[in-house]
Amino acid sequence: MGTRLSITPPGDFVLARDACSYGYFLLAPNRWNPFDRTLTRPLALEGGVATLAIAQDEREADPGPDRAGRLRWASEGKPLRVRADRALSRREQTQAKAMLTRMLRLDDDGVGEFHGVDPRWRASGRGRLFRSPTFFEDLIKTVTSCNVAWPSTIKMNQRLCEVVAPAFPTPAQLARKKASTLRARCSVGYRDARIVLLAKMAAAGEIDEARLSDPGVGDDELFAFLKGLPGLGPYSAANVMQLLGRYERLPIDTETMRHARTVLGFEGTDAELWKRVEAHYAPFGARKFQSYWFELWDFYESKRGPAWTWDPSTTGKTFTAAAFKEVEGDDDRLPGERAGARRSRRAKGSPRV
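None of these values were measured; they are calculated from a predicted model. (Residues numbered from 1 in each chain as written. Predicted model: local features only at pLDDT ≥ 70, side-chain atom pairs only at ≥ 80, totals over all residues. Heavy atoms only, no water.)

1. Details of the confidence of the model for the chain
Residues with a pLDDT of 70 or more make up 89% of the chain, whose mean pLDDT is 89. Counting contacts from residues 320–352, a segment whose pLDDT is below 50, to residues more than four positions away or on other chains yields 81 contacts. (pLDDT = per-residue confidence, 0-100. Contact = heavy atoms within 4.5 Å.)

In structure tokens, the structure reads:
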């Protein structure tokens, strides 16, 4: 019989809203069920892979406004009910809770601060952004979303789970793979050698979330380090920063340009728009990415309906509004560049964090 867990989230937490807040919730091995609003996810634990189903309230209804106009959910702040497909040891239960806390940002106490900076999102309660149970998975998923349409990103992550590991490959598992295998069987294209090199660096401790999350490391230093990693350019480095909880940089890409023109009403060349976008979000300071992202997300939901209603096999797969595509030329390393040259270049020119 599988272990059942209960996790008490922050009082403002809503699984449907806060899990379905960023595109990675649609990527394997995550599986969102819009009908019963359950998130299913295999995790690599000490005793092996266990698949967990996370729910919040069986009687969940769509949110409705209270007298103050704030959207209220029946499940808001209620315990998360977690069901594993096998028995978990106490150590595994602790591991699983830590991973789910990271995924759902249950330890993020900055939502109120964000609403103070940008009160537009106070009524909806938005503030948390979904991410992966490990930083390494976030890093690889960022690489698989560069210079490619969303359906291809979905396929890459699905194949990585099918070919390498069902709970998403660990650094050690990917470090042992040949780049040619990833290209041929996982459809990762020119990212093959970069993924293997990132895995080797992570396995060797050269990429460490605890060190990268150190508040003593400034944003500029962290950004420079991330840009020096294989396969990361300015856009992807900024995106990785928000996955680490640093929201001051904007990952500007072609979708940002579309948003500037069609939603913000800006005109001009891309260079002019870039400056206007930066100026537009500057008042939000250290929370500017959240303000930017929830504007984008609001636009997507106006076209596709609330994200918690998206079926990953239909709406999720056809969601190709260029939302998760990196601008051409963002990665300053050519696809044909040798891994050895990349490592040498990183070692000589990139700061250590």
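2. Side note on the state of the cysteines
For the structure shown, the criterion picks out zero disulfides. Cysteine Cys 161 shares no disulfide, and the gap to the nearest cysteine sulfur, in Cys 186, comes to 9.3 Å. With relative accessibility at 9%, the residue Cys 161 sits in the buried group. (Disulfide = S-S within 2.5 Å. Buried < 20%, exposed > 50% of the residue type's maximum accessible area, 1.4 Å probe, protein only.)

3. Concerning the pairing of strand β3 (residues 38–45)
Here β3 lies mainly inside the structure; six of its eight residues are buried. Here strand β2 (residues 31–33) pairs with β3 via three bridges, running antiparallel. Paired with Trp 32 across the two strands is Leu 39, which belongs to β3. Between β2 and the antiparallel strand that follows it, β3, lie four residues; Arg 37 among them carries a positive phi value of about 50°. Sheet analysis places β3 next to strand β4 (residues 48–55), joined by seven bridges and oriented antiparallel. The partner of Leu 39 across the bridge, within β4, is Ile 54. As consecutive antiparallel partners, β3 and β4 are separated by two residues. (Helix = DSSP H or I, 4+ residues; strand = E, 2+ residues; numbered from the N terminus. Pairing = 2+ DSSP bridges.)

4. Examining unusual backbone geometry
The step from Ala 28 to Pro 29 runs through a cis peptide bond, and the omega angle for that step is 5°. Locating Pro 29 in the fold gives a position in the loop between α1 (15–19) and β2.

5. Considering the sheet that holds β3
Strand order in this open sheet of five strands is β1-β7-β4-β3-β2, and the pairing throughout is antiparallel. The sheet is open, and its two borders are formed by β1 (4–7) and β2, each paired with just one other strand. Averaged over all pairs of adjacent strands, the angle between their axes in this sheet comes to 25°, without regard to strand direction. Packing of helix α2 (residues 90–104) onto the sheet brings it into contact with β1, β3, β4 and β7 (80–84), and relative to β3 it is tilted by some 130°. (Axes fitted to C-alpha atoms, helices over the stretch in contact; angles between N-to-C directions.)

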